[in-house]
Amino acid sequence: MERIPILRMGKFLLVTIQVDMHDRLAMTLQDDLTTRINETGARGVLIDISALDIVDSFIGRMIANISGMARVLDAETVVVGMQPAVAITLVELGLSLPGVRTALNVEKGMRLLQLSVDAGSLETGDARNED
Amino acid sequence: MSSQGTSQIPEIVKKHEADLLAEWSKELALLRGQGSGRIKEAELREQCSSFLRAFQEAIQSGKLSGITGESWATTREMLSEVSRSRSLQGFSPSETAIFVFSLKGPLLALMRRELGKDPELLVNETTIVNDLLDKLGLYTTEVYQKSREEVISRQQQEMMELSTPVVKMWEGVLALPLIGTLDSARTQVVMESLLQAIVQTGAEVAIIDITGVPTVDTLVAQHLIKTVTAARLMGTDCIISGIRPQIAQTIVHLGVDLSGVTTKASLADALALALKRSGFIITKAQTAK
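Residues numbered from 1 in each chain as written. Chains lettered and ligands numbered in written order. Predicted model: local features only at pLDDT ≥ 70, side-chain atom pairs only at ≥ 80, totals over all residues.

J.: When you look at the overall build of chain B in this model, what are you seeing that I'm missing?
T.: Looking only at helices and strands, chain B features eleven helices and five strands. Evaluated residue by residue, chain B yields a buried proportion of 30% over its 289 residues. Expressed as a percentage of contacts within chain B between residues at least 6 apart in sequence, the contacts between residues at least 24 apart total 75%. (Helix = DSSP H or I, 4+ residues; strand = E, 2+ residues; numbered from the N terminus. Buried ≥ 20, exposed ≤ 12 C-beta atoms within 10 Å, placed from the backbone. Contact = placed C-beta atoms within 7 Å.)

Okay, structure coming up:
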């Protein structure tokens, strides 16, 4: 059975969706990703959907769900590289993905994740100093 | 018409084509004298003679009940050309239709001269001619209307394309000054061109300036929110600027929720915010005192 690879990059997980997302694949991804976040203790997840040109409401909701689950597991999710057509379709479907952070490309997404994780560690660092 | 097979109109017209043309031209010249001279006399004469020739050939076929058949194709084509050129020259619909209707006078007069001795035949034939010319006149008006509509739709298309420029204001800052009413079709164009520009420039902030949007109702607000959401999905923050006092009042009265969108009163404020978000600092150059 085909799977979407989940790559580890330091504190982050990188998911690049290169094939057509069908519903089973999305469910598997959801399973795999939550398991990997748990295993690795990742602080951030970057989902690259630049190769995705077709979305339906199910895939749209799946993206929102994955980001919600990651947040519960204390990992920030950034969705990057959404095609204009996909963005328009999601908006027309009424899926504005509230709470999901977005960036134009992987580079910007990484920077965003780094920034938010740095801000987080700064807080804990401060707390330690006060101890 | 029962007398279709034995109608004498074709023969009469053929015999007196030259006279008819002369009288018709005279009539048209008279009418033209009242209007402004937007069309040259030579051109008008040329149109008259070629129409009369086509008309004459068409009625020779004997089909006098309507103008839809194959034999009327040349006439229709000729008339379309005339009325199209007139609509572009700025003639009014009646000025265009009069071209055909003015043929009625000379033609009926001619028939009266030829068939005056047989009143019943005259009445029959007059009805046929009247019917035909009315149909031709209506056809002219129809084509006129159609070509005017073509002009309007072309202008609409041009306006839509003209009025949605995406401007790069700074490194990573795009501006989209909207002019005119936002309907669904335009929102689509606006959204597409904005998202395309975001991909090309990699902008992180986009400013939508609605100073030129005359009214904002719930539908327009919804379109704006859609555009902002789509841009956000691509990872670009949107700022809506140029909200006039009346529009701010309308938005609140309508209960439109713009809380998820950053709004600024003027484009300058929006640009300042965008630069700040991108990490730029603007300072005044120090002048030596």
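The rest of the description comes next.
J.: Would you mind going over the packing of helix α5 (residues 93-101) of chain B against helix α7 (residues 119-162) of chain B with me for this structure?
T.: In a packed pair of helices, the relevant descriptors are the angle between the two axes and the axis-to-axis distance. Residues and elements named next belong to chain B. At a minimum axis separation of 8 Å, α5 and α7 run at an interaxial angle of 150°. In terms of orientation, α5 lies roughly antiparallel with respect to α7. Classified by chirality, the crossing of α7 by α5 is right-handed. For the pair α5 and α7, the contacting residues are Pro93, Thr96, Ala97, Phe99, Val100 and Phe101 in the first and Leu133, Leu136, Gly137, Thr140, Thr141 and Tyr144 in the second. Split by residue class, the contact of α5 with α7 holds eight nonpolar, four polar and no charged. (Axes fitted to C-alpha atoms, helices over the stretch in contact; angles between N-to-C directions. Parallel < 35°, antiparallel > 145°, perpendicular 65-115°, else oblique. Left-handed = near helix turned anticlockwise from the far one by under 90°. Nonpolar A, V, L, I, M, F, W, Y, C, P; charged D, E, K, R; others polar.)

J.: Hey, could you run me through the packing of helix α4 (residues 73-89) of chain B against α7 of chain B in this one?
T.: Residue and element names in this part refer to chain B. Between α4 and α7, whose axes approach to 8 Å, the crossing angle comes to 50°. Overall, the two elements α4 and α7 adopt an arrangement that is oblique. With respect to the hand of their crossing, α4 and α7 are arranged in right-handed fashion. In this structure, α4 contributes Arg76, Leu79, Ser80, Ser83, Arg84, Arg86 and Ser87 to the contact, and α7 contributes Leu136, Tyr139, Thr140, Val143, Tyr144, Ser147 and Arg148. In the contact of α4 with α7, the residues fall into five nonpolar, five polar and four charged.

J.: Is there a simple way to think about the nonpolar core in this case?
T.: Inside soluble globular proteins, nonpolar side chains tend to come together where they are buried. Core analysis: the largest hydrophobic core is formed by 71 residues, its most contacted members being Val45 and Ala87 of chain A together with Ile198, Ala206 and Ile207 of chain B. Each residue touching Val45 of chain A, except ones within four places of it in the same chain, is listed here: Phe12, Leu13, Val15, Leu33, Ile37, Ala70, Ala75 and Thr77 of chain A. In terms of nonpolar packing, the next biggest core, distinct from the first, is built from 28 residues, Leu79, Leu103, Val129 and Leu136 of chain B among them. (Core = buried A, V, L, I, M, F, W, Y, C linked by C-beta atoms within 7 Å.)

J.: In this structure, what is going on with the pairing of strand β4 (residues 76-80) of chain A? I would like to understand it.
T.: Consecutive residues of a regular strand have side chains that alternate between opposite faces of the sheet. Residues and elements named next belong to chain A. Counted residue by residue, β4 has five buried out of five residues, so it is predominantly covered. Taking every second residue as pointing to the same face, both faces of β4 are buried, with Glu76, Val78 and Val80 on one and Thr77 and Val79 on the other. Inspection of the sheet shows strand β3 (residues 44-48) paired to β4 by five bridges, in the parallel sense. Note that in β4 the partner of Asp48 across the bridge is Val80. Regarding topology, helix α2 (residues 57-72) serves as the crossover connection from β3 to the parallel β4, and that connection is right-handed. Pairing of β4 with strand β5 (residues 101-103) involves three bridges; the strand directions are parallel. Counted as the bridge partner of Val80 is Ala103 from β5. For the handedness criterion, the β-α-β arrangement of β4, helix α3 (residues 84-92) and β5 is classed as right-handed. (Pairing = 2+ DSSP bridges. Right-handed = clockwise from strand over helix to strand, strands pointing away.)

J.: Honestly, the interface of chain A and chain B in this entry has me stumped. Any pointers?
T.: Counting residues at the interface gives 13 residues for chain A and 15 residues for chain B. Mapped onto the side of chain A that touches chain B, the elements with two or more residues apiece are α3 and β5 of chain A. For the side of chain A that touches chain B, the per-class residue count stands at ten nonpolar, two polar and one charged.

J.: Looking at this model, I keep getting lost on the environment of Ser80 of chain B. Mind explaining?
T.: Position of Ser80 of chain B relative to the elements: it lies in helix α4. Measuring from C-alpha to C-alpha, the distance between Ser80 of chain B and Ser147 of chain B comes to 9.3 Å, with 67 residues separating the pair along the chain.

J.: For this particular structure, what's the right way to read the sheet that holds β5 of chain A?
T.: Within a sheet, each strand pairs with its neighbour through backbone hydrogen bonds, oriented either parallel or antiparallel. All names here are of chain A. Spatially, five strands are ordered β1-β2-β3-β4-β5 in an open sheet, and the strand pairing comes out mixed. Two strands lie at the open edges of the sheet, namely β1 (6-9) and β5, each paired on one side alone. On average, each strand axis in the sheet is inclined to that of its neighbour by 25°, with strand direction left out of account. Summarising the sheet, strand β2 (residues 12-16) and β3 pair through five bridges and their orientation is parallel. Along β3, the bridge assignment pairs Leu13 with Val45.

J.: Would you explain the sheet that holds strand β1 (residues 167-170) of chain B in this entry?
T.: Residues and elements named next belong to chain B. Strand order in the open sheet formed by five strands is β1-β2-β3-β4-β5, and the pairing between neighbours is mixed. Of all the strands in the sheet, the pair left with one neighbour each is β1 and β5 (262-263). With six bridges connecting them, strand β2 (residues 173-179) and strand β3 (residues 205-212) associate as parallel partners. When the bridges of β3 are listed, Ile179 appears paired with Gly212. Across the sheet, helix α9 (residues 218-233) touches β3 and β4 (237-241), and the angle it forms with β4 is around 150°.

J.: Got a minute to help me understand the confidence of the model for chain A in this structure?
T.: Close inspection of predicted coordinates is inappropriate for parts of the model with low pLDDT. Summary statistics for chain A give a mean pLDDT of 85 and a share of 91% for residues scoring 70 or more. Under a pLDDT of 50 for its full length, residues 125-131 of chain A has, in the predicted model, zero contacts with residues more than four places off or in other chains. (pLDDT = per-residue confidence, 0-100.)

J.: Would you mind showing me how to read unusual backbone geometry here?
T.: If a residue is not glycine, its phi is most likely negative; likewise, a peptide bond is most likely trans. Residue and element names in this part refer to chain A. For Asp74, which is not a glycine, the phi torsion comes out positive at approximately 60°. Despite not being glycine, Leu97 shows a phi value in the positive range, around 50°. Within the secondary structure, Leu97 sits in the loop between α3 and β5. Using a count of 20 C-beta atoms within 10 Å as the deciding quantity, one classes Leu97 as buried.

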